[in-house]
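Results of the structural survey
So you can see what is in the structure, the chains are spelled out below.
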Amino acid sequence: MLHLAKMAKRVLFLGLFTLGAASMALAQTAGVGTWPTQKPIRIIAVFPPGGSVDQVARVLAPALQSELKQNVIVENIGGASGVIGTAALTRADADGYTFAVVFDTHGVNPSLKDKLPYDTIKDIAPVILIGTSPMVLVASKNSGITSFKQLTEMSKAGKPFSYGSIGIGSLGHLSMARLAKQAGFDWNHIPYRGGGPLMQDALGGQVQLAVGSEFLVKPHVDSGGVIPLVITTAKRTAALPNVPTVSESGFPGFNAPAWWAVLAPGKTPPAIVDAMNKALNKALKTPAVAEKFKSQGIEVIGGTSETAREFIGKQIGIWGKFVIENNIKEAAQ
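Calculation rules
- Starting from 1, residues in each chain are numbered consecutively following that chain's sequence as written.
- The predicted nature of this model means local features are confined to residues of pLDDT at least 70 and side-chain atom pairs, given and counted, to a pLDDT of 80 or more, with totals for whole chains, interfaces and linings taken over all residues.
- Hydrogens and water are ignored here; the side-chain numbers use all heavy atoms of the structure.
- Each helix corresponds to a stretch of at least 4 residues labelled H or I by DSSP, and each strand to a stretch of at least 2 residues labelled E; elements are numbered beginning at the N terminus.
- Each residue gets one of three labels from its accessible area relative to the maximum for its type: buried under 20%, exposed over 50%, partly exposed in between, using a 1.4 Å probe on protein chains only.
- Here a residue-residue contact requires only that any non-hydrogen atoms of the pair lie within 4.5 Å.
- The method behind every accessible area is Shrake-Rupley, applied with a 1.4 Å probe, and residues are considered shielded solely by the protein chains displayed.
- What is meant by a nonpolar core is a set of buried Ala, Val, Leu, Ile, Met, Phe, Trp, Tyr and Cys residues, joined one to another through side-chain atoms within 4.5 Å.
- Salt bridges are defined by distance alone: a side-chain nitrogen of Lys or Arg within 4 Å of a carboxyl oxygen of Asp or Glu.
- In this description, strands pair whenever DSSP reports at least two bridges between them.
- In this description, a line fitted to the C-alpha atoms serves as the axis of each element, helices being fitted only across the stretch in contact, and the angle between N-to-C directions of two axes falls anywhere from 0 to 180 degrees.

A word on the overall build of the protein chain
- Across its full length, the protein chain holds 11 helices and 11 strands.
- Here the protein chain holds 333 residues, and the buried ones make up 50% of them.
- Here the contacts in the protein chain between residues at least 6 apart in sequence split such that 80% fall between residues at least 24 apart.
- For the protein chain, the accessible area works out to roughly 15,400 Å², and carbon and sulfur atoms hold 57% of it.

Some words on the nonpolar core
- Membership of the largest hydrophobic core comes to 105 residues, with the highest contact counts inside it found for Ile130, Leu137, Trp187 and Phe293.
- The element best represented in this core is helix H2 (residues 52-68), accounting for 9 residues.
- Other than its neighbours up to four places away in sequence, Ile130 contacts Val56, Leu60, Val101, Trp260, Ala261, Val262, Leu284, Phe293, Glu299, Val300, Ile301 and Gly302.

Remarks on the pattern of salt bridges
- The final tally for this structure, using the stated rule, is 9 salt bridges.
- Notably, a salt bridge pairs Glu75 with Arg42, separated by 2.9 Å at the nearest N-O pair. One end of the pair, Glu75, is in strand E2 (residues 72-76); the other, Arg42, is in strand E1 (residues 41-45), with 33 residues separating them in the sequence.
- The exposure class assigned to Glu75 is partly exposed, which follows from its relative accessible area of 31%.

As for the sheet that holds strand E8 (residues 209-213)
- The 5 strands are arranged E7-E6-E8-E5-E9 in an open sheet whose pairing can be described as mixed. Edge positions in the open sheet fall to strand E7 (187-191) and strand E9 (226-231), since each of these has one partner strand only. Between one strand and the next, the sheet's axes are offset by a mean angle of 30°, whatever the strand orientation.
- Of the pairings in the sheet, the one linking strand E6 (residues 161-165) to E8 comprises 2 bridges and is parallel in character. The residue of E8 that forms the bridge with Gly164 is Ala210.

The structure is reproduced here in structure tokens:
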């Protein structure tokens, strides 16, 4: 009888434990199911105002706000090629109310920086790959350069040129560094703290050449402020159909697309990451967002958070290798 009594108590305990665990799981699920209701969602744009990261975030915000029925606020935290803004993301509460839009520098910073204030893998949860775009090399109107052919001929003759990018280790910087090395050009890199300051100097003629995403430079091309010379992707783009690729301009196989992604703090519950991913996929398909991105040369990718994770991992490998092999360091610039 004593043995049976002990067994009965154990069964009762297990039953209560299971019921409690189930209730806790149900409560957690219910909490995720009501997200977002507590407060506005903050999206950190990890570059200053005026650049492509800022613009992408502000194009997405209204559509995302409509989809989630919650206020979405864009906050610019620029500096250090996106590191300062990304660090702010990793310090934020992982409660589904802080995300960040990052640029291709995110895939280079782990190799470029001596020590990041966060772990790129453990402290960050990729949410979605927004899209990719060609980088465009443009010339200021007072540079005297009107075509990539002219630029290459003058470079081969030994004339030095300076080009600006959004920062050391940006895809613009690395793609032009790779091209200059491959061709033996004497090009000097001038890093800027974002696309806004870069294009301001390109328009004013303070820098001869500038390389930036098509999203960033196309409005200035359309206005006649700068002259497009060449794009970095394997194929021409519909937004700039008359601008040749690097590959077809004497450097076959050259391909270096820019990209943007949305990230969350690493410990954000997977259910919230998934919910945000679904909301972003819907936002990317709204006419206002799709047409804006298309007009600026961004090929929308979307897809799952795992697609974003795999893409970013490959970018870290490809450009990290180039940085290490060519001993590219911030102090060297």
